[in-house]
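Here's the letter readout for the chains.
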Amino acid sequence: MAALAATTALLAVPASAEPEAWGDGWTVERVGEAYEVTVELDGPLEIRAAAPAVMVDGEEVGVAVVSEDGATLTTVTDDPAVLQAADIEAGWSGEGGLTTDAARASVVRDPDAATQARPFAEVDPDRMTYDIATLDYDLGPQVPLRGIPGRMGELAAQVTYPVNAAGRRPVVMIAHGRGPICTTADSGVAVETQSYPCALDEAEVAAQTGFASLATDLAEDGYVVVAMRTNAVAAWDASVPDRGAAARAGQILAHLDLLARVEAGTAEGGAPVVLRGKVDLSDIGLLGHSRGGEAVVRATQLAAIEGRSGIRSVMLLAPTDMGRLTLPDVPTYTMLPYCDGDLVTLQGQHYYEDSRYAFDDDVLRATSLVMGANHNYFNSALPGGELPDPIRDDLPLPWVGDDWDRQIAAKAPVDPACSRDGDGDGDVVGSERLTAQEQVDVRDRFASAWFRLTLGAEAGLLDLFDGSDHVPQELLASGVEVTTVATMPRSARVDLAPMTAASSAVAPIGGATARICASLPGTPAAASLPACADVPPSRAPHWAPTLNVLSTPAGRMLDLRWTSTGGGIRIRLPQPVDARAYEALSFRAALAPDSTSVPRMRVIVSDTAGNEAVLADASLDAALQPLPGRAAPMAKTLLRTVRLPVDLPPGSAVDLSRIAEVRLEGTSSTGAVLVSDVALSTPDVGGPNGQALPQLRLQELEVREGNGPGIALVPVRLASPAPVPVTASVETVTERGPDAQPAVRTVTFEPGQTCAVLAVALVGDRLESPAARRAVVVSAAEVEGAVGAVPWTLLTVLEDDGAPATRTRPAIPPLPPETAIRTDPCGRTSGELFRDVPTGMLFHESMAWLAVTGVTTGWSTPSGPEYRPLTPVARDAMAAFLYRFAGSPAYTPPSTSPFVDVATTNVYYKEIAWLRERGISTGWETAAGREFRPYEAVARDAMAAFLYRFAGSPTFQAPTASPFADVLTDQQHFKEMAWVSSAGVSTGWEENGRREYRASLPVARDAMAAFLERLTRIP
């Protein structure tokens, strides 16, 4: 069901007075050409990391806006199907498609083959440990919350530190997630409001104490641990697009500033002055849980932008990733719980996917999947004390205890993989779930090892994070299963085939098919790659959309399928590679979600002389086993690491110093697998190299709605030029609705360039709207070569037809029409854009505008881009112009062409078919069938008809006298030619007091630019 991503509507959108549909606790009201869906809440909204959503008959229709009093959720959609809804209720983003039908066909999992955990013995168990002490500081609400104007956050934390350690020690900062703020002082039960500060009869929740055992472990090893309290943000984070990530990040940096003042001897009263001389602010690690995880990433980005050094390691526990952030130049480790009942899409997987090739840095990136773990148990602090196990049923709010059983179990079948009642008989027997203590033990062992590895240089701990699936021996003894994927630092690997884009070096063999895929089907903006799977987002961590990023390709990888033994892919290396320098040939692989059996594969390497050898390891069979589960949200698809040691069998003739080719071949008769990241590598940590990257920013913009089709030009800027290309996927987080078409574009900054533009198609009208201002979020994701620490902005659409009075404001008068041509926000002239359109040429501003919008790029020539203004516009090119002008909407053309003279292979077939389906062009009926005549030039009378229909065939009474001397009132397309004259789209020619339209003349490209630009300014 189409959504208008109501999270973008941060400005009030009052609806019409009478609902068009309603039910128990919900209404549907018309808002312009869309529908506002409102859900009345029975009680307080659950306190969760996920974004709230509105669910229509079990499917997510849009992320919701929470009212200021917390009593209602609203979203906006253009899908009229909501008028026939049987049930509408509150839900959570990513949970659409959950089912209680446990009969979904799935591949049988072989637990023995799937689990290849290797025992890991503690390194140097007799190493020196320190006595520790704990202190608390609370300097009150003094931190301005970034992105939440006028609000202040607290500067409070619990510090655990070694008391007898010499010198300055590494610092680990811990940020907890979103949770309850206050409890009743006497019983410790959470109150039903999210307000800050707490009332006099309430006690503030000490969420920072939920990491005390980890802090103890690290302090005993010589680290200073600062566990922050960030409760204030949770009172206001529902109203901002990033859900408080920037605000929490600002608090992290404020604590680091406080420690700097302590070191300098200038700290205020109440500061932890005992730490003076004990902290090394050049050796900092950050750990964040849930929304605290996203805050850690944002803080690291902001620190780089603001010239702060010292953050050398990041760890994320079940993190949110609302904006698809990329993190440069810092070793990063993410831990994901397979049974996350809050963030069911495991959206934190995107940090690994999006960052691993985004920068020319040299750091380790790794992600672990913890089977049987949930979201909440990573933080053991709850009102009243430690998290009990088994969970208490008397705690009144669903954020308490086991998030899986409380939030998912009622919507999905009993499943041993995640349900605490593993076999449905009322007890915990048969469950594969971890207890609360077991999950805390996993957190503590891996987190302590990560920071000792990356801050303390204890290289012996690397086996836990290199993708070899080593697990601490004491955890294995209790049945803990952890699988890890890793990308080694650039200096420790050579990439053979990343599989993120099509490459001539990769070719199918043996009748196999291989294609690069990304995302799930149904993205709001047109997809540039085929979808990897058609499954609910909860089963697709690689491909699931996030709050502010719906259409940017996610989880690019190779979909490989074969129907006979020997089918697979061949990777031809551009030049021979010396494999002796590396420990293993590695890649990631998984069973395709629609597979009906577990395939078998082998990997073959060959040298320049054609000698071949098979590389083998049990990790290949393990990667192709399905993950456990019976129905959504389980049976998730996640790629696992395959590490094949570069060990040749005795007598092999292969020259490892001259490897020329790698083949992945099926040894089963059929198979469907997903593959990515083929490389030769050696485990290493690497380290920050101090890259100075420019900041990428999106500029806030206000535009008028307009009375017809229009285009808003959103500036995208770099704070400083970069020496290498910088790219970002920039999109509007909206769907077809009353304001703007969804758009996504890869913006590229060439070296030295600092400004680019995202063109957003607007849908104007002449109707009053109840909303005077409507906002759409514009986001930048997959940023490569720059830091996108402020990854969103607002495009505000002003209602220019006026707005009626509401209960809270008087009527708003209409705005006068715009008359000026919209120029390039980057300030480029027509001559800079096209070598053949000098400034001053007729229509030069319109041609420059057309280029900036992306409607046309002209022709590339050795001397520079050319527009060729006097060239006639062919009908196929005209179709492309209008399709792009409309925002290149998501559209799948029919498999059979609607025109006999347009083949489905025509370069503009999609655009021509779209034009026909929209009724903009009907073509000609002939004895041979309907013709489009794609290569004929467009005549000016036909262009008038095209533009009139493109504008929605607005109500227009043709005059009784023609506005043009050479156009008769009974002439074909007279009404449309009179309309373009009345609307100011075409003025014709004035000669000797005679005004002519010249209907049969072909439209030149310069005039086409003028027509389209004027169409955006219809009075």
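Residues numbered from 1 in each chain as written. Predicted model: local features only at pLDDT ≥ 70, side-chain atom pairs only at ≥ 80, totals over all residues. Heavy atoms only, no water.

- For the chain, the name recorded in an unreviewed UniProt entry is SLH domain-containing protein, with Serinibacter arcticus as its organism.

So, the overall build of the chain
- Looking only at helices and strands, one finds 16 helices and 47 strands in the chain.
- Relative to the 2.2 N^0.38 estimate, which gives 31 Å for 1019 residues, the radius of gyration of the chain is 30 Å and therefore close to what a compact globule would have.
- Counting the 1019 residues in the chain, one finds 59% classified as buried.
- Across the chain, the fraction of contacts at a sequence separation of at least 24, relative to all contacts at a separation of at least 6, is 75%.
- Put simply, the chain shows about 37,600 Å² of open surface, and 50% of that area lies on carbon and sulfur atoms.
- Side chains of the chain give 80 positive and 129 negative charges; the mean places of these two sets differ by 6 Å. (Helix = DSSP H or I, 4+ residues; strand = E, 2+ residues; numbered from the N terminus. Rg over C-alpha atoms; globule rule 2.2 N^0.38 Å. Buried < 20%, exposed > 50% of the residue type's maximum accessible area, 1.4 Å probe, protein only. Contact = heavy atoms within 4.5 Å. Areas by Shrake-Rupley, 256 points an atom, 1.4 Å probe, with all protein chains shown as cover. Lys, Arg positive; Asp, Glu negative; His and termini not counted. Charge placed at Lys NZ, Arg CZ, Asp CG, Glu CD.)

So, the pairing of strand β11 (residues 152-162)
- Extensive coverage of β11 is indicated by the burial of 10 of its 11 residues.
- As judged from the five bridges shared by β11 and strand β15 (residues 224-229), these two strands associate in the antiparallel manner. Following the sheet pairing, Ala156 is matched in β15 by Arg229. (Pairing = 2+ DSSP bridges.)

Re the state of the cysteines
- In total, this model carries four disulfides according to the counting rule given.
- In this model, Cys182 is linked to Cys198 through a disulfide, with the two sulfur atoms separated by 1.9 Å. The sign of the -95° torsion about the S-S bond sets the Cys182-Cys198 disulfide as left-handed. Linking Cys182 in strand β13 (residues 182-184) with Cys198 in the loop between β13 and β14 (202-204), this pair joins segments that are 16 residues apart in sequence.
- Among the residues examined, Cys182 registers a relative accessible area of 1% and is labelled buried.
- The buried category is assigned to Cys198, whose relative accessible area is 19%.
- With a sulfur-sulfur separation of 2.1 Å, Cys517 is cross-linked through a disulfide to Cys532. A torsion of 100° about the S-S bond marks the disulfide between Cys517 and Cys532 as right-handed. Taken together, the positions of Cys517 in strand β26 (residues 513-517) and Cys532 in the loop between β26 and β27 (557-562) put the pair 15 residues apart, joining distant regions of the chain. (Disulfide = S-S within 2.5 Å.)

Considering the sheet that holds strand β40 (residues 755-763)
- Pairing is mixed across the open sheet formed by four strands, whose spatial order is β40-β37-β35-β42. The sheet is open, and its two edges are formed by β40 and β42 (787-790), each paired on a single side. Here the strands of the sheet are splayed against their neighbours by 30° on average, with no regard to which way each runs.
- The pairing of strand β35 (residues 695-698) with β42 spans two bridges and is classified as parallel. Counterpart to Gln695 in the pairing with β42 is Val787.
- Contacts between helix α4 (residues 291-305) and the sheet are confined to β35 and β42, with β42 contributing the most and set at about 110° to the helix.
- Of the strands in this sheet, β37 (709-718) and β40 are in contact with helix α11 (residues 844-853), which crosses β37 at around 70°. (Axes fitted to C-alpha atoms, helices over the stretch in contact; angles between N-to-C directions.)

Things to note about a negative patch on the surface
- On the surface, a cluster of negative charge is contributed by Asp24, Asp42, Asp57, Glu59, Asp87 and Glu89.
- Of note, Glu89 is situated in strand β8 (residues 88-92). (Patch = residues over 30% accessible without salt bridge, like charges linked within 9 Å, V, L, I, M, F, W, Y side chains within 5 Å. Salt bridge = Lys/Arg side-chain N within 4 Å of Asp/Glu carboxyl O.)

Looking at the domain arrangement of the chain
- Looking at the assigned domains, one finds that the chain contains domain 1 (21-92), domain 2 (131-387 + 402-419 + 430-487), domain 3 (494-681), domain 4 (696-826) and domain 5 (847-1016).
- Relative to domain 5, the C-alpha centre of domain 3 lies at a distance of 46 Å.
- At the junction of the two partners, domain 3 supplies four residues and domain 5 supplies five residues.
- Considering only the side of domain 3, the residues that lose the most area to domain 5 are Thr523, Pro524 and Ala526, jointly responsible for 95% of the buried surface there.
- Linking domain 3 with domain 5 are zero residue pairs in polar contact (both at pLDDT 80 or more), by the criterion used here.
- A class-by-class count of the residues in the side of domain 3 that touches domain 5 yields three nonpolar, one polar and no charged. (Domains from an automatic or database assignment. Buried area = accessible area lost by both parts, 1.4 Å probe. Polar contact = N/O pair within 3.5 Å; in protein donor to acceptor, adjacent residues only side chain to side chain. Nonpolar A, V, L, I, M, F, W, Y, C, P; charged D, E, K, R; others polar.)

Some remarks on the pattern of salt bridges
- Inspection of every chain in the model, using the stated rule, returns 46 salt bridges.
- Across the pair Glu612 and Arg663 runs a salt bridge, and its minimum N-O distance is 2.8 Å. With Glu612 in strand β31 (residues 612-615) and Arg663 in strand β33 (residues 659-666), this residue pair connects regions lying 51 residues apart in the sequence.
- Taking the relative accessible area as the measure of exposure, Glu612 reaches 44% and is therefore partly exposed.
- Take Arg663: its relative accessible area is 9%, and that puts it in the buried class.

A short note on α4
- Its 15 residues give α4 an end-to-end C-alpha distance of 21 Å, which sits within 8% of 21 Å, the value for a rise of 1.5 Å per residue.
- Across the 15 residues of α4, 13 count as buried, placing the element largely inside the fold.
- Positive phi shows up at Gly307, right after α4, with a value of about 75°. (Expected span 1.5 Å × (residues − 1).)

Considerations on unusual backbone geometry
- With an omega of -5°, the peptide bond between Tyr196 and Pro197 qualifies as cis.
- Residue placement: Pro197 occurs in the loop between β13 and β14.
- One non-glycine residue, Asp469, adopts positive backbone phi at about 60°.
- You can see Asp469 is positioned in the loop between α7 (436-454) and β22 (470-472).
- A relative accessible area of 9% means that Asp469 is categorised as buried.

Considering the UniProt feature "domain: SLH" (unreviewed entry) in the chain
- Here, the residues flagged by UniProt with the feature "domain: SLH" (unreviewed entry) are residues 830-894 and 895-961.
- Helix makes up 38% of residues 830-894 and strand 0%, with an end-to-end C-alpha separation of 38 Å. (UniProt positions renumbered as here; feature names shortened; annotations may be inferred.)

Looking at the sheet that holds strand β28 (residues 568-577)
- Strand order in this open sheet of five strands is β25-β28-β33-β30-β31, and the pairing throughout is antiparallel. Whereas interior strands pair on both sides, the edge strands pair on one side only; in this sheet they are β25 (506-509) and β31. Direction aside, the axes of adjacent strands within the sheet are offset by 25° on average.
- Sheet topology note: the β28/β33 ladder contains six bridges and is antiparallel. Residue pairing for β33: Ile569 is matched across the bridge by Leu664.

What about the layout of surface pockets?
- Size it by volume and the second largest pocket reaches roughly 1,100 Å³.
- If you trace the second largest pocket, you find 42 residues lining it, with Val744, Arg745, Thr746, Thr853 and Gly854 closest to the centre.
- At the level of secondary structure, the elements contributing two or more residues to the lining of the second largest pocket comprise β39 (744-749), β40, α10 (830-833), α11, α12 (875-885) and α13 (909-917).
- The leading source of residues in the lining of the second largest pocket is β40, at seven residues. (1 Å grid on protein atoms, 1.4 Å probe; cavity = no way out; pocket = protein on both sides within 12 Å on 5 of 7 lines; lining within 4 Å. Points joined across faces, edges and corners; volume = space filled by probe spheres on them.)

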